[in-house]
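Chain and residue survey
One letter stands for each residue in the lines below.
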Amino acid sequence: MLPFCHMLFTIKERVEGMGEELSTVFKALGHPTRREILDILKVSPRTTGELTDLFPDVTRYAIMKHLKILQEGNLVVVRREGKYKRNFLNAVPLQEMYNRWVGKYMQSTASSLLNLRKAVQEKGGNKNMESSKGFRIEQEIFIEAPREKVFTALTEQVEDWWEFRLAPKGVQSRFTFDPVPGGQFIEKWSEKEGAVWGNVYYVNAPEEIRLHGHLGMQGAVNSAYTYRLLEKEGGTLLQLSHTASGVIQEQWEEEHSKGWQYLLGTLLKNYVETI
């Protein structure tokens, strides 16, 4: 147990650090072109060249400068694919802003109003329409802890923070995660009943672990997700990659993106930084 004065100092440091991070996010959101870039990346990732083509009145240099500011705000993450670099939306900082200013009692009201507006805008369209397609989610979360600690929390301690459940309503369940090749991430609510959230097919502890798993999606779906842990000054940068293809319902990408933001950016981060 840390001395009380040390705990207060640590809390003060974290609050001040959060203030600096939010200032960077607000700066990144402060220009209409950058906000439009985020709107585009929400639909699908793009290369810098593709983004430049979408802004004929803006120079490539200016687009690159906007992307750099968005990266500094951690709102955009870049992944190299062959000779190209593709830009992905990282909505985790926006989730952190949401968590700071939207209380649990305001949340249901705000969600209801947003759902009403969306229903009106769709004019009766079927938002659950299924189609054969896919999605890819890329997110980054900085956690103030050594990566060995983060890796252990992601795997062996997942029961302590993973909130989502597939068990029938009112039935208690437990998670186990065996971080070895062939191991499984399992939820069980009886001796013979449960669900497999992921099958491990690659491990390089504590740097990376890869799994196949439906993550709540049903039907003809191929889904895989990867955790990469990079050592960074003051802690660990957790990179998530989640791809899915097959018969995908329209809302699944948005739901899983928000779910990952909440699981990793809120629950895991708070758990690791406070234990």
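All of the points below concern the structure found in this document. Being a predicted model, the structure only gives us computed values, none of them experimental. (Residues numbered from 1 in each chain as written. Predicted model: local features only at pLDDT ≥ 70, side-chain atom pairs only at ≥ 80, totals over all residues. Heavy atoms only, no water.)

1. Structural notes on the overall build of the protein
This is how the line gets drawn: Secondary structure counts use DSSP, requiring at least four H or I residues in a row for a helix and at least two E residues in a row for a strand, with both numbered from the N terminus. Any pair of residues with heavy atoms lying within 4.5 Å of one another is described as a contacting pair. Using a 1.4 Å probe, the Shrake-Rupley method yields the accessible areas, and only the shown protein chains count as cover for residues.
Regarding its fold elements, the protein presents 8 helices and 10 strands. Of the contacts formed within the protein by residues at least 6 apart in sequence, a portion of 56% connects residues at least 24 apart. Roughly 16,200 Å² of accessible area belongs to the protein as shown, and the carbon and sulfur atoms make up 54% of that amount.

2. Regarding the packing of helix α7 (residues 147-154) against helix α8 (residues 252-274)
We apply this condition: Simply put, an axis is a line fit to the C-alpha atoms, just over the touching stretch for a helix, and the angle between two N-to-C directions goes from 0 to 180 degrees. Take the far helix as your reference; a near helix turned counterclockwise from it by less than a right angle gives a left-handed crossing, and one turned clockwise gives a right-handed crossing. Residues are sorted three ways: Asp, Glu, Lys and Arg are charged, Ala, Val, Leu, Ile, Met, Phe, Trp, Tyr, Cys and Pro are nonpolar, and all the rest, Gly among them, are polar.
Close contact between α7 and α8 brings their axes to 10 Å; oriented N to C, the two are set at 120 degrees. Read as a crossing pair, α7 and α8 show a hand that is right-handed. Contacts between α7 and α8 involve K149, V150, A153 and L154 from the first element and L264, L268, Y271 and V272 from the second. Here the contact of α7 with α8 is built from residues that sort into 7 nonpolar, no polar and 1 charged.

3. Quick word on the side chain of S223
Heads up, the rule is: Relative accessible area decides the class of each residue, using a 1.4 Å probe on protein chains only: under 20% of the type maximum gives buried, over 50% gives exposed, and in between gives partly exposed. In protein, a polar contact means a hydrogen-donor-capable atom and an acceptor-capable atom, both N or O and within 3.5 Å, with residues adjacent in sequence counting only if both atoms are side-chain atoms; elsewhere, any N or O pair within 3.5 Å suffices.
You can see S223 is positioned in strand β9 (residues 221-232). Overall, S223 belongs to the buried group, its relative accessible area being 6%. A distance of 2.8 Å separates a polar atom in the side chain of S223 from the backbone oxygen of G213. Of note is the side chain of S223, whose polar atom sits 2.9 Å from the side chain of H242. Those residues in contact with S223, other than ones at most four positions away along the chain, are L211, H212, G213, H214, L215, M217, H242, T243 and A244.

4. Focus: the sheet that holds strand β3 (residues 84-89)
Our working rule: If DSSP finds at least two bridges between two strands, the strands pair.
The strand order across the open sheet formed by 3 strands is β1-β3-β2, and the pairing between neighbours is antiparallel. Single-partner strands in this sheet number two, and they are β1 (46-47) and β2 (76-81). Pairing of β1 with β3, which is carried by 2 bridges, proceeds in the antiparallel orientation. Looking at the pairing, T47 lines up with R86 of β3.

5. Some details on the packing of helix α2 (residues 32-43) against helix α4 (residues 60-72)
A packed helix pair is summarised by two numbers, namely the angle formed by the two axes and the spacing between the axes. To keep things clear, this is the line we draw: Small angles under 35 degrees read as roughly parallel and large ones over 145 as roughly antiparallel, with 65 to 115 read as roughly perpendicular and the rest as oblique.
At their nearest, the axes of α2 and α4 sit 10 Å apart, and the two run at 75 degrees to each other. With respect to each other, α2 and α4 are oriented roughly perpendicular. In contact with T33, R34, I37 and L38 of α2, α4 contributes I63, H66, L67, I69 and L70. Across the contact of α2 with α4, the residue classes tally to 6 nonpolar, 2 polar and 1 charged.

6. Some thoughts on the packing of aromatic side chains
The condition that has to hold: Any pair of Phe, Tyr and Trp rings, taking the six-membered ring for Trp, is counted once the centres come within 6.5 Å. Such a pair is stacked with planes under 30 degrees apart, edge-to-face with planes over 60 apart, and tilted for the rest.
Tallying each qualifying case throughout the model produces 13 aromatic pairs. Ring geometry for W162 versus W197: centroids 5.5 Å apart, planes at 80 degrees, classification edge-to-face. With a gap of 35 residues between them, W162 in the loop between α7 and β5 (174-177) and W197 in strand β7 (residues 194-204) connect regions that are remote in the sequence. With centroids separated by 5.5 Å and ring planes inclined at 50 degrees, the aromatic side chains of Y225 and W260 adopt a geometry described as tilted. Of this pair, Y225 sits in strand β9 while W260 sits in helix α8; the two residues are 35 residues apart in sequence, bridging distant segments of the chain. Members of the aromatic cluster, connected to one another through ring pairs, are W161, W162, F175, F177, F185, W197, Y225, Y227 and W260.

7. Focus on the pairing of strand β6 (residues 184-188)
Bridge analysis of β5 against β6 gives 4 bridges, and the strand direction is antiparallel. Bridge assignment links T176 to a residue of β6, and that residue is I186. Adjacent in sequence and paired antiparallel, β5 and β6 are bridged by 6 residues, among which G182 carries a positive phi angle near 90 degrees. Examined bridge by bridge, β6 and β7 share 5 bridges and lie antiparallel to one another.

8. A word on the side chain of Q249
Mapped onto the fold, Q249 is located in strand β10 (residues 235-249). The exposure class of Q249 is buried, given its relative accessible area of 17%. Within the local environment of Q249, its side chain forms a polar contact with the side chain of Q251, the two groups lying 2.9 Å apart.

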